[in-house]
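# A closer look at the structure
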Number of protein chains: 2
Amino acid sequence: MQIQSSQKSFGGELQIWQHNSEVTKTPMRFAVYEPKKKETPRGALLWLSGLTCNEHNFVTKSGALEYLAHKNILLVCPDTSPRGLKLAGEHDSYDFGSGAGFYVNATTPGYGEHYRMYDYVVKELHDLLISNFQFHHDKLAISGHSMGGHGALIIGLKNPTKFKSVSAFSPIVNPMRAPWGQKAFHGYLGDDQVKWKEWDACELILAGKTRSDTILIDQGSNDEYLEKELLTKNFMEACEVKNQLLNCRFQDGYDHSYYFISTFIKQHIDFHFA
Amino acid sequence: MQIQSSQKSFGGELQIWQHNSEVTKTPMRFAVYEPKKKETPRGALLWLSGLTCNEHNFVTKSGALEYLAHKNILLVCPDTSPRGLKLAGEHDSYDFGSGAGFYVNATTPGYGEHYRMYDYVVKELHDLLISNFQFHHDKLAISGHSMGGHGALIIGLKNPTKFKSVSAFSPIVNPMRAPWGQKAFHGYLGDDQVKWKEWDACELILAGKTRSDTILIDQGSNDEYLEKELLTKNFMEACEVKNQLLNCRFQDGYDHSYYFISTFIKQHIDFHFA
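What comes next concerns the included structure. Since this is a predicted model, take the numbers as computed values, not measurements.

For the rest of this paragraph, the subject is the pairing of strand 4 (residues 43-48) of chain B. All names here are of chain B. Counted residue by residue, strand 4 has 6 buried out of 6 residues, so it is predominantly covered. Burial along strand 4 is two-sided: the residues Gly43, Leu45 and Trp47 and Ala44, Leu46 and Leu48 are all buried. Two strands pair when backbone bridges link them, and strand 4 and strand 5 (residues 73-78) are joined in this way by 4 bridges, in the parallel orientation. The partner of Leu45 across the bridge, within strand 5, is Leu75. Bridging between strand 4 and strand 6 (residues 140-144) involves 5 bridges; their strand directions are parallel. Counted as the bridge partner of Leu48 is Gly144 from strand 6.

In this section: the pattern of salt bridges. A complete count under the given rule lists 22 salt bridges over all chains for this structure. Between Glu66 of chain A and Lys266 of chain B there is a salt bridge, with its nearest N and O atoms 3.2 Å apart. Here Glu66 of chain A is found in helix 2 (residues 65-71), whereas its partner Lys266 of chain B is found in helix 10 (residues 258-272) on a different chain. Taking the shortest distance from any N to any O, the salt bridge between Lys158 of chain A and Glu198 of chain A comes out at 3.5 Å. Of the two residues, Lys158 of chain A is situated in helix 5 (residues 147-158) and Glu198 of chain A in the loop between helix 6 (179-189) and helix 7 (201-206); the sequence distance between them amounts to 40 residues.

On the chain A side, the residues contacting the 22 residues of chain B number 22 residues. Counting the surface chain B buries against chain A, the share from its top three residues, Lys8, Phe10 and Tyr259 of chain B, is 37%. Where chain B touches chain A, the interface holds 2 salt bridges. Where chain B packs against chain A, one counts 18 residue pairs in polar contact (both at pLDDT 80 or more). Among the secondary structure elements, those contributing two or more residues to the side of chain B that touches chain A are strand 1 (2-9), helix 1 (57-61), helix 2 (65-71) and helix 10 of chain B. Residue composition of the side of chain B that touches chain A, grouped by class: 7 nonpolar, 9 polar and 6 charged.

So, on to the sheet that holds strand 8 (residues 215-220) of chain A. Residues and elements named next belong to chain A. Pairing in this open sheet of 3 strands is parallel, and the strands run 7-8-9 from one edge to the other. Bordering the open sheet on either side are strand 7 (167-169) and strand 9 (246-251), each of which pairs with just one other strand. Averaged over neighbouring strand pairs, the angle between their axes works out to 10° when direction is ignored. Here strand 8 runs beside strand 9; their pairing, made up of 6 bridges, is parallel. Across the sheet, the residue bridging to Ile215 is Leu246, located in strand 9. In the packing of helix 9 (residues 232-242) onto the sheet, contacts are made with strand 8 and strand 9, and the angle to strand 9 comes to roughly 155°.

A few words now on the pairing of strand 6 (residues 140-144) of chain A. In terms of burial, strand 6 of chain A is largely enclosed, as 5 of its 5 residues are buried. The two faces of strand 6 of chain A match: Leu140, Ile142 and Gly144 of chain A on one face and Ala141 and Ser143 of chain A on the other face are all buried.

Further remarks concern the environment of Ser131 of chain B. All names here are of chain B. Tracing the sequence through the fold places Ser131 in helix 4 (residues 117-132). The exposed category is assigned to Ser131, whose relative accessible area is 61%. Note: C-alpha distance between Ser131 and Lys61 (70 residues apart in sequence) is 28 Å. A distance of 2.9 Å separates a polar atom in the side chain of Ser131 from the backbone oxygen of Asp127.

Moving on, we come to the packing of aromatic side chains. Going through the model one piece at a time under the given rule, you end up with 37 aromatic pairs over all chains. Plain terms: the ring middles of Trp17 of chain A and Phe133 of chain A are 5.7 Å apart, the flat faces sit at 85° to each other, and that makes the pair edge-to-face. Taken as a pair, Trp17 of chain A in strand 2 (residues 12-20) and Phe133 of chain A in the loop between helix 4 (117-132) and strand 6 lie far apart in primary sequence, 116 residues in all. Judged by centre distance (5.0 Å) and plane angle (70°), the ring pair of Tyr111 of chain B and Tyr115 of chain B falls under edge-to-face. Here Tyr111 of chain B matches Tyr115 of chain B in class, with each residue buried. Ring-pair connections join several aromatic residues into one group, and the members of that group are Trp47, Phe58, Phe169, Tyr254, Tyr258, Phe260 and Phe264 of chain A. The side chain of Lys158 of chain A reaches across the aromatic face of Tyr118 of chain A, ending 5.3 Å from its centre. Above the face of the Trp199 of chain B ring, Lys158 of chain B is positioned so that its terminal group lies 4.4 Å from the ring centre.

Conventions used here
Residues numbered from 1 in each chain as written. Chains lettered and ligands numbered in written order. Predicted model: local features only at pLDDT ≥ 70, side-chain atom pairs only at ≥ 80, totals over all residues. Heavy atoms only, no water. Buried < 20%, exposed > 50% of the residue type's maximum accessible area, 1.4 Å probe, protein only. Helix = DSSP H or I, 4+ residues; strand = E, 2+ residues; numbered from the N terminus. Pairing = 2+ DSSP bridges. Salt bridge = Lys/Arg side-chain N within 4 Å of Asp/Glu carboxyl O. Contact = heavy atoms within 4.5 Å. Buried area = accessible area lost by both parts, 1.4 Å probe. Polar contact = N/O pair within 3.5 Å; in protein donor to acceptor, adjacent residues only side chain to side chain. Nonpolar A, V, L, I, M, F, W, Y, C, P; charged D, E, K, R; others polar. Axes fitted to C-alpha atoms, helices over the stretch in contact; angles between N-to-C directions. Phe/Tyr/Trp six-rings, centres within 6.5 Å; stacked < 30°, edge-to-face > 60°. Lys NZ or Arg CZ within 6 Å of the ring centre and 35° of its normal.

Structure below.
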């Protein structure tokens, strides 16, 4: 694992790391914001970004570093897909392939050998963090935006002890029923929709994969993707059916952008690290 | 003047405006962040961005909107050059032409007809703001970064009453003596270096164009451009000679990036709007 860059911000260090991933069989990058060391026990926030993003978007646009420094929280932002490959169709559209890994373990030819972002995040990156960075291992939380909100939900539901709490901004909650998700799942998982269910937050809840803690979701009411792609209400209904505690807040007038995320990110940090 | 987009952030609105400029004879864009209306008198901050930037960089990366909303400060960020032209050499390099207007009034053939960013900012944009946005006209401050720090300094020194206070991050303080500035001044102003002096902050100070208030500068000590391009100490010496009040702070370990700006932007906002 090699450090690519380190920049001082709010007294701490924003670092870009690269390593050769055993899971994706490609180089992978992630950003870490490490606050200046304090004596208080340090929590860590794993942030998963959305379509077209890489390890930079959240640290550049969220405005969160000051509050993370203040609260002594380690931040980790992985890239959203393997890079440097030339798979069929990988670079043809913004919503499939590079920049659009969807945090699943692909099984289709070609993609199945590399696009294993679920195992990358949950196993390889998690272990790298434990081995290389100082934080309280019981205080690891997960959050994300849009495709990354989907990632945070499915990873949090499938790993209720590894991640102490889960939140999301504008998540794709029911990808099996939405064009973005259907395109991705066809390409990464094939045509058998039964196999899609283990990567769909609504289906996981309905299958009993619930958590004992409350999930926090913020969703802009003016989000252009709300009705067609995000389907927030389907998750509210699934949680209602299975008694999953959920605090889903529709924020009046906000859209899908980082201007929305930055407005409420402090509240998510407080939710994870009260 | 037409609004291109409006996005809600921290209760206010981030707007992108476009108009046909009489000064540059091109369409020009600027960003405005307008906090949710409050009864307290509203100040306004004019921010000038650096090389390669446009009207988006500061609002995306500075993390300043929350504090501007809290303090009820209007923010205005113009683009850094005219766009849509095809002048000789205009698009060949990052440090001249598009994205690199240097806030001067060009006089060379071709550029002299369009690259008049000084008049654009000081006259046309200023008048548009007065006519179209609510703020206390005696509370207009100016700041900027790198090339935009140079712009803030020369505009503030040449207009001591129009702008109530001046600050800068990592400014190019003595462009006549630095490669970026020399290239730009050759291209925009021609070979007569006597004419360069009215666009150089150090020369303006030495010619007696001082202000009665203190100028604030923050400069990262690890800035890769410090020794060759920024020449901060030349400005400190000029201010010393002419008794210009200056608070120039070298911030240990910080570089030239927005991770540096975001760390100290609140202190600049407090400097301008105590």
